[in-house]
Amino acid sequence: MEEIKIQQTDIRKDKPDQSNLPFGHYFTDHMFLLDYNLEQGWHEPRIVPYAPLVLDPAAMVFHYGQAVFEGMKAFIAKDEQILLFRPNKNMERFNQSNRRLEIPEIDGDFIIHAIQTLVNVDKEWIPSGKGTSLYIRPFIIATEACLGVRASHTYQLLVILSPVGAYYSEGLEPVKINVESSYTRAVRGGLGTAKAAGNYAASIKAQTEAKDAGYSQVLWLDAIEKRYIEEVGSMNIFFKINGKVITPQLNGSILAGVTRDSIMELLNNWEVPVEERQISIEEVYEASLNGALEEVFGTGTAAVISPVGELFWNNHQMIVNEGHIGQLSQKLYDTITGIQTGLLPDTLQWTVQV
Ligand code: COI
């Protein structure tokens, strides 16, 4: 791959107030671009001023949704060091998504290098307050102007950066979740394991209805029986029942979260019993009735660890840990954010310096 060309802007935007950073509303001064065509493959890596794109209205992404993305974060650690968290895992998943959507694979190491270069150019944008970070959004869109339903012959990969606080306005306060029994997010063999834009489009109607009913998010059940728990869409989900931690196994329609994987490794190291298996909503409901449901939490890059204080399913209300964050959820949050920000030793070698 050629060297990354860098064109810096003279016009710098005002930075947002770090003490009040909503998720994904502010964007930095630059972005990274990389093009693909059949003759040259991926080519022309460049960092340019952040600006709107010019695309043909027939660009295939607009019509058939050939689009994938990733979510990562950069943190300011001590001595002004900048750290990324397990970027290689995101690149592996980026390529899994590419394969599923017939998008040409990328060179993960090169994209990490591009992200490091971009983050360095815009490093003044990395917030340093507790619970803040620079969210990194790499994504690929199909750009060929064609209305035939087939894989595009041209693509663009972009990386944009956004200084963020907590994903949920609740912060670390437990969120309320509606268990969705009508709509479906993904089916086995579909796109559920890919980080494809279409999965999120499929989730929006249920999400809007849940919001209107006073819930922050939707918990998805399997598409066929509407019984087995899958994920929240913006995060994977864990239940602590009778001292054991259970998370749905990756079954072909659940996204393999990087935070999910990290949490399981931490729990294994701490010798907390953890099971990756099918878990039904009835099992969770029964556990809540007999007092065995100790904690519920979501995990994700954006969400970090998000405690769940209430689940609502088929007119049944399940209050978890009296609506408070549980001890294990708090310990996991402190450990993950501690490693990410260099406050705790990175014994698992998860962080990468920019
Ligand atoms: C992430 O956690 O990075 C995601 O991509 C989830 C998204 C809904 C914000």
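Before reading further, recall that the structure is shown in the block above.
Remember, it's a predicted structure, so these values are computed and weren't measured experimentally.

K.L.:
In this structure, what is going on with the overall build of the protein chain? I would like to understand it.
P.N.:
For the protein chain, the count of helices and strands is seven helices and 17 strands. Summarising its shape, the C-alpha atoms of the protein chain cover approximately 60 × 50 × 35 Å along the three principal directions. Within the protein chain, the fraction of its 354 residues that count as buried is 44%. Look at the contacts in the protein chain between residues 6 or more apart in sequence, and 71% of them connect residues 24 or more apart.

K.L.:
I tried to follow unusual backbone geometry on my own but got confused; where do I start?
P.N.:
Leaving glycine aside, a negative phi is the common case for residues, and trans is the common case for peptide bonds. Although it is not a glycine, asparagine 314 sits at a positive phi angle of roughly 45 degrees. Structurally, asparagine 314 can be placed in the loop between strand 15 (304-313) and strand 16 (316-319). Look at asparagine 314 and you get exposed, because 10 C-beta atoms sit within 10 Å. Even without being a glycine, glutamate 322 presents a positive backbone phi close to 50 degrees.

K.L.:
For this particular structure, what's the right way to read the site of the ligand?
P.N.:
Neighbouring the ligand are the residues Gly71, Ser234, Gly300, Thr301, Ala302 and Ala303. Class assignment of the residues belonging to the shell around the ligand gives a composition of two nonpolar, four polar and no charged.

K.L.:
Please explain the pairing of strand 8 (residues 155-164) as it appears in this structure.
P.N.:
Looking along a regular strand, one sees the side chains alternate between the two faces of the sheet. For strand 8, the tally of buried residues reaches seven of ten residues, placing the bulk of the element in the interior. Where strand 2 (residues 30-37) meets strand 8, five bridges bridge the pair, whose relative direction is antiparallel. Paired with aspartate 35 across the bridge in strand 8 is glutamine 156. Bridging between strand 7 (residues 133-142) and strand 8 involves ten bridges; their strand directions are antiparallel. Bridge pairing links phenylalanine 139 to leucine 158 in strand 8.

Parameters and conventions
Residues numbered from 1 in each chain as written. Predicted model: local features only at pLDDT ≥ 70, side-chain atom pairs only at ≥ 80, totals over all residues. Helix = DSSP H or I, 4+ residues; strand = E, 2+ residues; numbered from the N terminus. Buried ≥ 20, exposed ≤ 12 C-beta atoms within 10 Å, placed from the backbone. Contact = placed C-beta atoms within 7 Å. Near = placed C-beta within 6 Å. Nonpolar A, V, L, I, M, F, W, Y, C, P; charged D, E, K, R; others polar. Pairing = 2+ DSSP bridges.

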